[in-house]
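Read off the chains here:
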Amino acid sequence: MSPPVPGEVCPPRHYTHSRVQLFRFGAVSWNSHRIHYDAEFAASEGFPDVVVQSTLHGETLARYALAWAGAESRLESVSWRNRTTAVAGEALTWTGTVTAVEGARVSLDVAVLKADGTPCVSGTVTLAQGPV
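Presented here is a report on the structure given in the accompanying data block. No experiment lies behind these values; they were computed from the predicted model shown.

**Remarks on helix 3 (residues 54-69)**
Over its 16 residues, helix 3 runs 23 Å from end to end, which matches the ideal 22 Å to within 8%, given 1.5 Å per residue. Restricting attention to buried positions, one finds in helix 3 the residues L56, H57, G58, T60, L61, A62, Y64, A65, W68 and A69. Against the buried residues of helix 3 lie strand 1 (13-15), helix 1 (19-28), strand 2 (74-82), strand 3 (92-102), strand 4 (105-114) and strand 5 (119-128). Looking at the residues trailing helix 3, positive phi occurs at G70, about 105°.

Following this line, the structure appears as structure tokens:
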């Protein structure tokens, strides 16, 4: 991979979260709210299926940025804002654009988009590239 430059668009990553994944993530993150694992309860709260945890969105933003940057990259920071709800089985797309490169530090504007292009999550990820 050539060195990143501001304005560079990262290849999008398409994915969905399963009910099982949401249940497991809730367990390891100690998030026991029923909207994240009980479809019937989520429906009673007005959701079409179990809801993706906000912290899973943050993890996804960081994971795909690290995958884009390569094996010798490390996460320095991630911040995000949830804009709308995503649910199990929903088609989502991770996107990223390089906003700054300062030495080994690379900053990205990142987002998770719904199938219709609506931003579900937006944020920033800062990575350091190269060996420690």
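**Comments concerning the side chain of D49**
Its location among the elements puts D49 in the loop between helix 2 (39-44) and helix 3. Its relative accessible area of 13% is what places D49 among the buried residues. A polar side-chain atom of D49 sits 2.9 Å from a polar atom in the side chain of R19. Contacts of D49, omitting those with residues within four sequence positions, involve R19, A39, A42, V87 and A88.

**Description of the pairing of strand 3**
Two strands pair when backbone bridges link them, and strand 1 and strand 3 are joined in this way by three bridges, in the antiparallel orientation. Along strand 3, the bridge assignment pairs Y15 with L92. Note: strand 3 against strand 4, 10 bridges, orientation antiparallel. Paired with E102 across the two strands is R105, which belongs to strand 4. Hairpin connection of strand 3 to strand 4: two residues between the antiparallel strands, including G103 at a positive phi of 65°.

So, how was this worked out
- Residues numbered from 1 in each chain as written.
- Predicted model: local features only at pLDDT ≥ 70, side-chain atom pairs only at ≥ 80, totals over all residues.
- Heavy atoms only, no water.
- Helix = DSSP H or I, 4+ residues; strand = E, 2+ residues; numbered from the N terminus.
- Expected span 1.5 Å × (residues − 1).
- Buried < 20%, exposed > 50% of the residue type's maximum accessible area, 1.4 Å probe, protein only.
- Contact = heavy atoms within 4.5 Å.
- Polar contact = N/O pair within 3.5 Å; in protein donor to acceptor, adjacent residues only side chain to side chain.
- Pairing = 2+ DSSP bridges.

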